Structure formats: structure tokens, C-alpha cells
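# Secondary and tertiary structure notes
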Amino acid sequence: PLILTDLALLSKSDTPTIISLVGNMVLYVICGLIGALTVAPYKYMWWVGGLIFLIIVFVHLLQRLNNAEGYGGDALKGLTWLTILCWIVYPIVWIVGSEGTGALGLSQEVGIITIIDLIAKIGFGFYLLANVDAPEESAPLNQSSQQYV
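A brief report on the enclosed structure follows. Keep in mind it's a predicted model, so treat the numbers as computed, not measured.

### Observations concerning the packing of helix α2 (residues 15–37) against helix α3 (residues 42–65)
Closest axis-to-axis distance for the α2/α3 pair is 8 Å, and the angle between their directions is 160°. Judged by the inter-axis angle, α2 sits roughly antiparallel to α3. The two elements α2 and α3 meet at a crossing, and its hand is left-handed. Residues Thr17, Ser20, Leu21, Asn24, Met25, Leu27, Tyr28, Cys31, Ile34 and Gly35 of α2 touch α3, and the partners they reach there are Lys43, Trp46, Gly49, Gly50, Leu51, Phe53, Leu54, Ile56, Val57, His60, Leu61 and Arg64. Looking at the contact of α2 with α3 residue by residue, the class counts come to 13 nonpolar, 7 polar and 2 charged.

### Here we look at the pattern of salt bridges
What the rule picks out here adds up to 1 salt bridge. The partner of Asp117 in a salt bridge is Lys121, and the shortest N-O contact between them spans 3.1 Å. One end of the pair, Asp117, and the other, Lys121, are both in helix α5 (residues 106–131), 4 residues apart, so they sit about a helical turn from each other. On the basis of relative accessibility, which here comes to 26%, the residue Asp117 falls in the partly exposed class. The class for Lys121 is partly exposed, based on a relative accessible area of 46%.

### Here's the deal with the environment of Gln108
Here Gln108 shows up in helix α5. Along the backbone, Gln108 and Gly97 are 11 residues apart, and their C-alpha atoms lie at a distance of 8.4 Å.

### Points about the nonpolar core
Membership of the largest hydrophobic core comes to 23 residues, with the highest contact counts inside it found for Leu4, Leu7, Met25, Val57, Leu61 and Trp87. Within the residue set of this core, elements represented by two or more residues are α1 (2–10), α2, α3, α4 (73–96) and α5. Ranked by the residues each element gives to this core, the list is headed by α4, at 6 residues.

Scoring rules and cut-offs
Residues numbered from 1 in each chain as written. Predicted model: local features only at pLDDT ≥ 70, side-chain atom pairs only at ≥ 80, totals over all residues. Heavy atoms only, no water. Axes fitted to C-alpha atoms, helices over the stretch in contact; angles between N-to-C directions. Helix = DSSP H or I, 4+ residues; strand = E, 2+ residues; numbered from the N terminus. Parallel < 35°, antiparallel > 145°, perpendicular 65-115°, else oblique. Left-handed = near helix turned anticlockwise from the far one by under 90°. Contact = heavy atoms within 4.5 Å. Nonpolar A, V, L, I, M, F, W, Y, C, P; charged D, E, K, R; others polar. Salt bridge = Lys/Arg side-chain N within 4 Å of Asp/Glu carboxyl O. Buried < 20%, exposed > 50% of the residue type's maximum accessible area, 1.4 Å probe, protein only. Core = buried A, V, L, I, M, F, W, Y, C linked by side-chain atoms within 4.5 Å.

Structure representation (C-alpha cells):
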């Protein structure tokens, strides 16, 4: 959820968009969990359900990438595509790994997930730090709480 929140804040998304992004991602994870705890063929229905939530997240991210206001710039594009390309791997590993068909060994599955986690999280953080400038001085974000001070 923090990566999605960073992307949404970088593109200056509104609160309902942030809640939608995070909510769909939570539902994706819950579907994967339930799929892992159920038996075949029902686990594959949960996998498809989770994939639908992940696609909704990707659509939201791509819509914010092409925002009309132009917020985020090249840093937003790079971070969004890094996130999408890394997150595409998770459902593929789930379906071919030990939770799905079992085509991958457990050590191979853990290795792939570890590498993707490092790229998706640490790579995201370094790319964010290297390519996003500090915000300009502007009015405080929550102006309503400042009116009585």
C-alpha cells in the first residue's frame, strides 16, 4: 500500500483514488491468500479474482500516469512502470509456484519473489529519492486546521 500511496501522492491524486488503489490491492492480496488456503479447482477462481483486482490497480495507475495536469513528470512514469512490471511477476509466480500448479520448486519460487521484492521496493525507493525533487514551498496541505491558530 505504501508504494501505491507514494505514486498517488506524486500524481496529486485525490483521497477517493488513493482509497480505491489501496483497497483493490488489499483485495488482491486477500484473494491470493484465500486461493492458497483452498483446494483446486477453487483456488484458481480466487487467483482469477485477485488478478481482476490487480488489473483494476494497473488501470488506475495508468490513468494517473496520463493525468491531464502533468503532475509527476518522468519520475512518475518511471516509478509507475517499475511497479507494474514488477507486480506482473507475482501472479505468474503464484500460478506456477507451489500455491498453483507446482511447476516451480519452492526454492526457485522463493528466489524469484525475493529478487522481485528487492527490485520493487528498494529499487522504487532509490528511484524515488534520485528522481523526485523536494516540493516547492506552498500553502499547508490541511488549511482548515490552520484557520484557528
